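# Coordinate inspection notes
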Amino acid sequence: MDAEHASTTRRPVAVPLGATVTASGATALPATGAPAGPSAGRTFHATALPATGAPRGNAPRGSASYEGAPREGGLLDRFGRVATDLRVSVIDKCNLRCTYCMPADGMPWLPQTQLMSADEIRRIVRVAVRSLGAEELRITGGEPLVRKDLEHIIAGIRADAPDLPISMTTNAVGLDRRAQALKDAGLTRLNVSLDTLHPETFAELTRRPHLDKVLAGLQAARAAGLGPIKINAVLLAGVNDTEIVPLVDWAVSNGFEMRFIEDMPLDGDRSWSATNVIPARDIRAAIEEAFTLTADPRGRGAAPAERWEVRRPGETAVAGHVGIISSVTEPFCAACTRTRVTADGKVRSCLFSHEETDLLTAVRDGADDEGIAQIWRDAMWAKPRAHGSDRVGLARADFVQPERTMSAIGG
């Protein structure tokens, strides 16, 4: 890291969205109890679990993992949580190489034949919405914009589900050329990954010099009417942790919602350490040095981000909102409502799961909608309590990082 990056202040950086920006140890996890969920009025029986952790999501039907799984309705798990937030990865490839996500090179991309086709994605989403009660869809990757047929995928889903909120997580590289077409196809809003406003730091984090392309994509997305637009920043100690206040200021000034994410052990280099995590409490404290934070009166619900209203000093009007996703130091697994499908059609009941359940083979073998739905119900019934096992904590001694990196899982 050069001298500028080690400094606590950095030179101003002009960005083409109307703002000039100047930049001015993880804790023990709470001993939370078993998650409480929306299971009132329903009787179900949890099964004994293997001492090694989570039950196998692809265990044969009739095994202990599936005992008690519902035969109808939505995606209920053994702890009473119901998954209604669907996240579908459309590709594992990415045009950046973020250090907290991927190795610099050598990623083994999925062959084209293993990727879900546009029609297969559409079918799986349709089953999730019509048979399993999915209420919102997030398209993820890799980088979704790498798929040339992305607009076609979204248009098909929109035709099947006219009222479904469809969002997308993207790095926005190339979005300037496609924002309007994506909006026209039916995309609702965006989460854009942007960890820094400094070109040098951006190149260090992503291993690519594309900050200008990201900012151009944001400008085009706003012009196309995609919104709200949320900016996701992963904070890394000694790299971009001095940019908390400048990022909030820039986001609020441009009408974006800033969201900070604690660094999670999903990196390709397997170099994650809890000591490098910027904990949520320190992020909040840094923001409060420059702004007034008030808990969002709408509440958090099952959202991964805890949200606050942001006010500038001496002002009563709300200037914007900020959220913090604290997976490491303040885990929120008890309220999780997410179900994930990877780009090769595997259900992941938990972001940190070591087991997956194959949907795509069933689709290609001609299974009907109810057959696909039941495979999915079984997989989600076996969802672990937290962080890939039935014990809470990403910093615990027995935590084992999943084999897949974040880009291969889908966020």
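Residues numbered from 1 in each chain as written. Predicted model: local features only at pLDDT ≥ 70, side-chain atom pairs only at ≥ 80, totals over all residues. Heavy atoms only, no water.

### Brief notes about helix α7 (residues 244-253)
- By the criterion of burial, α7 is predominantly enclosed, with eight of the ten residues buried.
- Listing the buried residues of α7 in full gives Ile-244, Val-245, Pro-246, Leu-247, Val-248, Trp-250, Ala-251 and Val-252.
- Phi turns positive, to about 80°, at Gly-255, one or two residues after α7. (Buried < 20%, exposed > 50% of the residue type's maximum accessible area, 1.4 Å probe, protein only. Helix = DSSP H or I, 4+ residues; strand = E, 2+ residues; numbered from the N terminus.)

### Here's the deal with unusual backbone geometry
- Between Gly-141 and the following residue, Gly-142, the backbone shows a cis peptide bond with an omega angle of 25°.
- Considering the arrangement of structural elements, one finds Gly-142 in the loop between β6 (136-140) and α3 (150-160).
- The omega angle of the peptide bond from Gly-227 to Pro-228 is 0°, so this bond is cis rather than trans.
- Its place among the elements puts Pro-228 in the loop between α6 (211-224) and β9 (229-235).
- If you check the backbone angles, Ala-172 has positive phi at about 70° while not being a glycine.
- Since its relative accessible area comes to 0%, Ala-172 is described here as buried.
- A positive phi angle, close to 60°, is found at Arg-207, a residue other than glycine.
- Tracing the backbone through its elements, the reader meets Arg-207 in the loop between α5 (199-206) and α6.
- A residue is classified by how much of its surface remains accessible, and Arg-207, at 27% relative accessible area, is partly exposed.

### Side note on the state of the cysteines
- Applying the stated criterion to the full structure yields zero disulfides.
- The structure places no disulfide on Cys-94, whose sulfur is separated from the nearest cysteine sulfur, that of Cys-98, by 6.3 Å.
- Left unpaired, Cys-333 is separated from the closest cysteine sulfur, that of Cys-350, by 6.4 Å.
- Relative accessible area serves as the criterion here: at 17%, Cys-333 is assigned to the buried category. (Disulfide = S-S within 2.5 Å.)

### Brief notes about the pairing of β6
- With four of five residues buried, β6 lies mostly within the body of the structure.
- Both strand β5 (residues 85-89) and β6 contribute to a ladder of five bridges, which runs parallel. Bridging across to β6, Leu-86 finds its partner in Leu-137.
- A crossover links β5 with its parallel partner β6, the connecting element being helix α2 (residues 118-132), and its sense is right-handed.
- Looking at chain direction, β6 and strand β7 (residues 166-170) are connected through three bridges and run parallel. Bridging across to β7, Ile-139 finds its partner in Met-168. (Pairing = 2+ DSSP bridges. Right-handed = clockwise from strand over helix to strand, strands pointing away.)

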